[in-house]
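Coordinate inspection notes
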Amino acid sequence: MTHAMHNPALLLLNDSPRLPLIAALAVRFAAIVTQWEQRRRSRVNLGKLDDRLLRDVGLTRHRADEEVSRYFWMK
């Protein structure tokens, strides 16, 4: 599950061979929650874009609305 981690400090902690099980689980949990928050923020901001900006990034309003309506835990 290390693919969900983007923070170098979290990656370093997770790769440590002496990391106790509870600490490894806490690091993974923190990484997942961080990813969920990033998705939530991205979807909120996507919903604020006007049609011109959506065209610039190659999305239609319909496709953007579909993405915005997804839950934060969904890829």
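Residues numbered from 1 in each chain as written. Predicted model: local features only at pLDDT ≥ 70, side-chain atom pairs only at ≥ 80, totals over all residues. Heavy atoms only, no water.

**Considerations on the packing of aromatic side chains**
Across all of its chains, the model carries three aromatic pairs by this definition. Considering the side-chain rings of tryptophan 36 and phenylalanine 72, the 5.2 Å spacing of their centres and the 65 degrees angle between planes classify their relative orientation as edge-to-face. With tryptophan 36 in helix H2 (residues 21-47) and phenylalanine 72 in the segment after helix H4 (61-68), this pair connects stretches of sequence that are 36 residues apart. Classification of phenylalanine 72 by relative accessible area gives partly exposed; the value is 33%. Ring geometry for phenylalanine 72 versus tryptophan 73: centroids 5.0 Å apart, planes at 85 degrees, classification edge-to-face. (Phe/Tyr/Trp six-rings, centres within 6.5 Å; stacked < 30°, edge-to-face > 60°. Helix = DSSP H or I, 4+ residues; strand = E, 2+ residues; numbered from the N terminus. Buried < 20%, exposed > 50% of the residue type's maximum accessible area, 1.4 Å probe, protein only.)

**Description of the side chain of glutamate 67**
Looking at the element boundaries, glutamate 67 is found in helix H4. Those residues in contact with glutamate 67 that sit more than four places away from it in its chain are Arg43 and Leu46. (Contact = heavy atoms within 4.5 Å.)

**Overview of a nonpolar patch on the surface**
On the surface, Tyr71, Phe72, Trp73 and Met74 cluster together into a nonpolar patch covering about 410 Å² of accessible area. Looking at the secondary structure, you find methionine 74 in the segment after H4. The partly exposed category is assigned to methionine 74, whose relative accessible area is 30%. (Patch = residues over 30% accessible without salt bridge, like charges linked within 9 Å, V, L, I, M, F, W, Y side chains within 5 Å. Areas by Shrake-Rupley, 256 points an atom, 1.4 Å probe, with all protein chains shown as cover. Salt bridge = Lys/Arg side-chain N within 4 Å of Asp/Glu carboxyl O.)

**Considerations on the packing of H2 against H4**
Two measures define how a pair of helices packs: the angle their axes make with one another and the distance between the axes. Packing of H2 against H4 leaves a shortest axis separation of 9 Å and a crossing angle of 145 degrees. Viewed along their axes, H2 and H4 form a crossing whose handedness is left-handed. Along its contact with H2, which presents Arg43, Leu46 and Gly47, the element H4 presents Arg61, Ala64, Glu67 and Val68. A class-by-class count of the residues in the contact of H2 with H4 yields three nonpolar, one polar and three charged. (Axes fitted to C-alpha atoms, helices over the stretch in contact; angles between N-to-C directions. Left-handed = near helix turned anticlockwise from the far one by under 90°. Nonpolar A, V, L, I, M, F, W, Y, C, P; charged D, E, K, R; others polar.)

That's the geometry; what it means functionally is another story.
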